[in-house]
Every structure is written in C-alpha cells, then in structure tokens.
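One letter stands for each residue in the lines below.
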Amino acid sequence: MTMINGFSAADAERLSEKERSLIARRERLLGPAYRLFYERPLHAVRGEGVWLYDAQGRRYLDAYNNVASIGHCHPRVVQAIASQAAVLNTHTRYLQEGILDYAEQLLATFPAGLEQVMFTCTGSEANDLALRIARHYTGGTGVIITRFAYHGVTGDISALSPSLGASIQLPGHARCVHAPDVYRLGPEAGKLFAEDVRAAIADLRAHGIKPAALLIDGIFASDGIFAGPEGCIAEAVAIAQSEGLLYIADEVQCGFARTGSHMWGFQRHGVQPDLVSLGKPMGNGQPIAGVVARPEVLEPFGRSMRYFNTFGGNPVSCAAGQAVLDVIRDEGLQQRSAQIGDYLLAGIRQLSQRHDLIGDVRGAGMFIGVELVSDRASKAPAAEQAKRVVNGMRERGVLISAAGPLENILKIRPLLAFEQSHADLLITALDEALQALA
Ligand code: PMP
C-alpha cells in the first residue's frame with residue numbers, strides 16, 4: 001500500500017494538494033525523525049483562546065496542548081513579550097530586576113525549603129541540569145525512572161526516556177520501576193511502587209553503582225496517566241530520600257495548576273522534592289523552563305562550577321513567565337482546572353456506562369486518561385480503537401491524543417482556559433467518536 005509519511009493511501013486521498021505538498025516539503029527539509037499528529041494532519045495557522053484554526057478557517061477545540069495552557073496567544077502574554085522585546089533582551093550576566101521579580105513570585109508558589117531557581121529554555125535541559133546537580137550532591141550516578149518514562153531529548157535524559165522507542169538502550173546506571181497503575185495493580189499500586197523503588201536501590205548498590213536520584217513525572221503522563229490516589233507516591237519518595245537519593249519531581253507536565261487542587265503536581269502527594277524541573281506551560285509558548293531547588297542541594301554544584309545558559313532566563317522569557325503567573329492568579333485558572341476537570345471526569349465516567357470500550361477514567365484537574373480496553377474483564381488494551389477515537393475526534397473538531405506503551409489510553413489535556421461549554425463539546429465528540437466504532 002502506498003504510504004505518505006506513514007499515512008495510508010486512503011488517508012492521502014483525503015489530503016488537499018496543499019497538505020500533500022507540505023508533507024513532502026517537511027520530509028525533504030526536516031528529515032525522517034519528526035512525526036505528525038493524526039491520520040489527516042492538521043495545518044494549523046492560528047490560535048486563539050481554547051481554539052486552533054486550520055488553513056480553511058475551521059476551528060478545533062484544543063484539549064491537548066499543554067504549552068499554550070492559559071489560552072493560545074493570550075493577550076497578556078503577547079503584550080508582555082512584545083513590550084519587553086522592544087526594550088531589552090539580553091542574558092543573565094547583567095543586573096536586571098525582571099528575572100528577580102519573577103524568581104521571587106515563582107518561588108513563592110512552592111512550599112518552604114524550595115528556595116532557589118535556575119533557568120533553562122526547555123524541560124529537557126531542566127531535567128539534565130537537575131540530574132547533574134543531584135549527581136554532584138550525592139556523589140552517585142544511579143537514577144531510578146519509570147518503565148515508560150519520558151523526560152526529554154538531551155543525551156543523558158533521552159537515555160532515561162524509554163518511551164522514545166525500543167532502540168533506547170537503558171544505561172547501566174538506570175533502573176526502571178512500574179508506575180503506580182491503580183487500574184491494573186489495584187489499591188496496592190502505591191505500595192508496589194515503593195517496593196520496586198526499594199529493590200531498584202538495592203540492585204544499583206549490588207552492582208556497585210551509588211544511586212543519585214529518583215526522577216519521576218508526578219502524573220506519569222507517558223506511562224499512561226496515573227493520577228492517584230493522592231499520596232500514592234509518598235512511600236516510594238520517603239524510601240528514596242531516606243536512602244540518600246534526591247527526589248527530582250518532573251513537573252513539566254503536571255505543573256502550573258494543571259492538576260487543579262494544587263499549583264504543583266507533587267503537592268497532591270504530600271511529598272517534598274529536593275529538585276523540581278519545570279517547563280512547557282511556563283511561558284505559554286515562549287521558551288522558558290527551569291529547576292527549583294533546595295539551596296543546600298544547589299550549593300556544592302554552584303561552588304564548583306559556573307552556570308550560564310545563553311537564552312535561559314532572558315528578559316523576554318521572564319516577562320512571559322511573569323504574565324503566565326499573573327493570568328493563572330487573576331483568572332482563577334487553578335480553581336477552574338479543578339472544577340472543569342471534575343466536570344469532565346464525571347461526564348466521561350457517564351459515557352463509560354454506555355461504551356464498554358472504556359475500561360477506566362482517571363485524572364486530576366485538567367489531565368485525564370481514558371483507558372480503552374476490548375474486554376473489561378481481561379483489560380486487554382484496545383490500541384487500534386484508541387487510534388480511531390483520536391482521529392474521529394479530530395474529524396469532529398476536538399484535539400486529543402493517546403498515551404501509554406500501547407497507546408490505548410486517551411490523553412485528554414484541555415487548556416486551563418476551558419469553560420463548561422467546551423467540556424460539553426468534548427464529551428459529545430467523544431461520545432460520537434466511540435459510537436462510530438460500534
Ligand atoms: N519531562 C516531561 C514529563 C515531558 O513531558 C517533557 C516534554 N514532553 C519533557 C520533560 C521535556 O520537555 P521539552 O520538550 O521542553 O524539552
């Protein structure tokens with residue numbers, strides 16, 4: 001069968017001339033490593049609030065993008081970027097107040113103890129830096145991650161991201177543990193997670209490797225979106241910290257009010273990280289990311305080497321970051337994330353009464369996973385159906401994706417700017433897309 005960039009001939013026939021030529025140009029110019037979403041890729045030309053618009057002017061409800069989290073092209077962020085860019089944009093080697101004001105306000109959203117921040121441009125860089133700091137502090141190299149983790153693209157961090165593909169060779173200093181999958185492991189999932197972490201620490205030591213860090217995404221997004229119950233990672237974190245490892249909370253996915261009840265995902269679990277990596281929604285599209293740290297953890301690293309990141313923490317990025325914090329506060333987006341998130345969860349749970357394909361509905365705030373199974377008793381993953389639902393919703397004008405090792409878990413991550421009417425649209429589209437499979 002003829003394929004265009006992984007699309008079947010049937011899909012390709014539905015593509016316009018323009019779309020075909022864009023796909024061909026992409027392949028020619030960007031090479032083979034990039035992937036497009038959807039069988040019929042979206043040619044996005046404009047974003048506004050919760051909507052993305054395609055080249056034909058058709059609008060799509062964005063229930064996927066966790067970068068433009070407070071709304072596409074939010075006017076306050078646009079204004080902040082433009083104003084600062086018109087005045088000064090340099091780097092962190094001059095005295096400037098903007099970066100300090102922003103750092104102060106950002107740190108004020110963290111629990112006491114997490115009192116310093118270093119800026120990067122991407123979440124990958126943040127994790128890479130956090131790992132370097134952890135290794136420096138502990139004198140160890142060993143890292144514990146989850147089995148289908150994603151933490152980023154640098155050399156060290158991509159090697160700790162098994163979800164990138166089977167060709168990722170886990171380094172000798174890494175150990176994988178199962179994420180706390182309550183759906184499959186039951187109420188003991190947190191306990192099993194803790195036992196796994198304990199065993200991983202012992203195994204590293206048995207191989208002469210000193211463990212440095214437990215690096216986990218607080219909502220286990222790539223593992224399959226395991227949001228709860230609250231506190232389920234606490235025992236594992238306590239074991240790691242009492243064994244001398246640092247706990248790096250990867251908040252790139254679950255930070256900035258995404259999980260509703262708190263500003264930071266780790267807070268749902270009542271744990272205290274040693275290092276926190278931030279990214280994605282931090283600048284609503286302007287590249288800004290960072291590592292928040294306990295000062296005593298940062299101290300030996302900073303003493304022994306300098307840190308300079310050419311673009312990290314530049315005035316324009318800090319202005320965007322500041323605007324994001326202001327909007328989350330002024331528009332009550334954390335509360336909205338909790339309320340609309342609960343409304344969505346309840347609505348999707350109702351759908352599960354009519355659609356046997358839905359095995360589990362889970363989430364926190366505006367991060368929801370809907371696990372599709374072909375048989376509720378055996379919980380056999382329904383990957384092909386998930387793909388059809390994702391594409392079916394795209395055809396109905398709602399953007400979502402799929403997660404987990406088999407991609408049978410619908411990944412629903414609406415913009416925090418969602419209102420109830422948007423949630424209703426999403427639920428209707430999901431209902432219809434599931435109905436179309438029956
Ligand atoms: N950590 C997690 C949990 C992520 O989901 C991502 C990005 N998907 C990253 C880190 C890396 O962030 P970036 O793409 O900004 O480098």
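For clarity, every value in this text was computed on a predicted model and none was experimentally measured.

Asks: Any chance you could break down the site of the ligand for me, citing the residues and the numbers?
Replies: Lining the immediate environment of the ligand, one finds Thr122, Gly123, Ser124, Asn127, Tyr150, His151, Gly152, Asp217, Asp250, Val252, Gln253 and Lys280. Ser124 places a polar side-chain atom, nitrogen or oxygen, 2.4 Å from an oxygen atom of the ligand. In this structure, Gln253 approaches the ligand through a side-chain N or O atom, which is 2.7 Å from an oxygen atom. Broken down by element, the shell around the ligand gets its largest block of residues, three residues, from helix H5 (residues 123-138).

Asks: An account of the sheet that holds strand S6 (residues 174-177) is needed here, citing residue identities and associated values.
Replies: Consider a sheet: its strands pair through backbone hydrogen bonds, and that pairing is either parallel or antiparallel. Ordered in space as S4-S10-S9-S8-S7-S5-S6, the seven strands form an open sheet in which the pairing is mixed. Since the sheet does not close on itself, it has two edges, and those belong to strand S4 (116-120) and S6, each with one partner. On average, adjacent strands in this sheet sit at an angle of 20 degrees to one another, irrespective of strand direction. Both strand S9 (residues 275-278) and strand S10 (residues 289-293) contribute to a ladder of four bridges, which runs antiparallel. Bridge assignment links Leu278 to a residue of S10, and that residue is Gly290. Contacts between helix H4 (residues 98-107) and the sheet are confined to S4, S9 and S10, with S4 contributing the most and set at about 120 degrees to the helix.

Asks: Any details on the state of the cysteines? Residues and values, ideally.
Replies: A covalent bond between the sulfur atoms of two cysteines is what we call a disulfide. The final tally for this structure, using the stated rule, is zero disulfides. With no disulfide of its own, Cys121 lies closest to Cys318 among cysteine sulfurs, the gap being 11 Å. The thiol of Cys232 is not disulfide-bonded; the next cysteine sulfur, from Cys254, is found 12 Å away.

Asks: Could you give me a rundown of helix H13 (residues 383-395), with the residues and numbers involved?
Replies: Helix length check: H13 (13 residues) gives 19 Å between terminal C-alpha atoms against 18 Å at 1.5 Å per residue, within 8%. Among the residues of H13, Ala386, Val389, Val390, Asn391, Gly392, Met393 and Arg394 are the ones counted as buried. Of the surrounding elements, those touching the buried residues of H13 are strand S3 (59-62), strand S12 (367-375), strand S14 (398-399), strand S15 (401-403), strand S16 (409-412) and helix H14 (420-437). One or two positions beyond H13, positive phi appears at Gly397, with a value near 85 degrees.

Asks: A description of the nonpolar core should follow, citing residues and the corresponding values.
Replies: One recurring pattern in soluble globular proteins: nonpolar side chains tend to sit buried together. Ranked by size, the top nonpolar core spans 97 residues in total, and within it Leu106 and Leu410 carry the most contacts. Of all the elements, helix H11 (residues 315-330) adds the most residues to this core, at eight residues. Those residues in contact with Leu410 that lie beyond four places of it in its chain are Ile225, Ile368, Gly369, Val370, Leu372, Ala386, Val389, Val390, Ile400, Ser401, Ala402 and Leu430. Of all hydrophobic cores here, the second largest spans 24 residues; its members include Ala134, Ala212, Val297 and Phe301.

Conventions used here
Residues numbered from 1 in each chain as written. Predicted model: local features only at pLDDT ≥ 70, side-chain atom pairs only at ≥ 80, totals over all residues. Heavy atoms only, no water. Near = heavy atom within 4 Å. Polar contact = N/O pair within 3.5 Å; in protein donor to acceptor, adjacent residues only side chain to side chain. Helix = DSSP H or I, 4+ residues; strand = E, 2+ residues; numbered from the N terminus. Pairing = 2+ DSSP bridges. Axes fitted to C-alpha atoms, helices over the stretch in contact; angles between N-to-C directions. Contact = heavy atoms within 4.5 Å. Disulfide = S-S within 2.5 Å. Expected span 1.5 Å × (residues − 1). Buried < 20%, exposed > 50% of the residue type's maximum accessible area, 1.4 Å probe, protein only. Core = buried A, V, L, I, M, F, W, Y, C linked by side-chain atoms within 4.5 Å.

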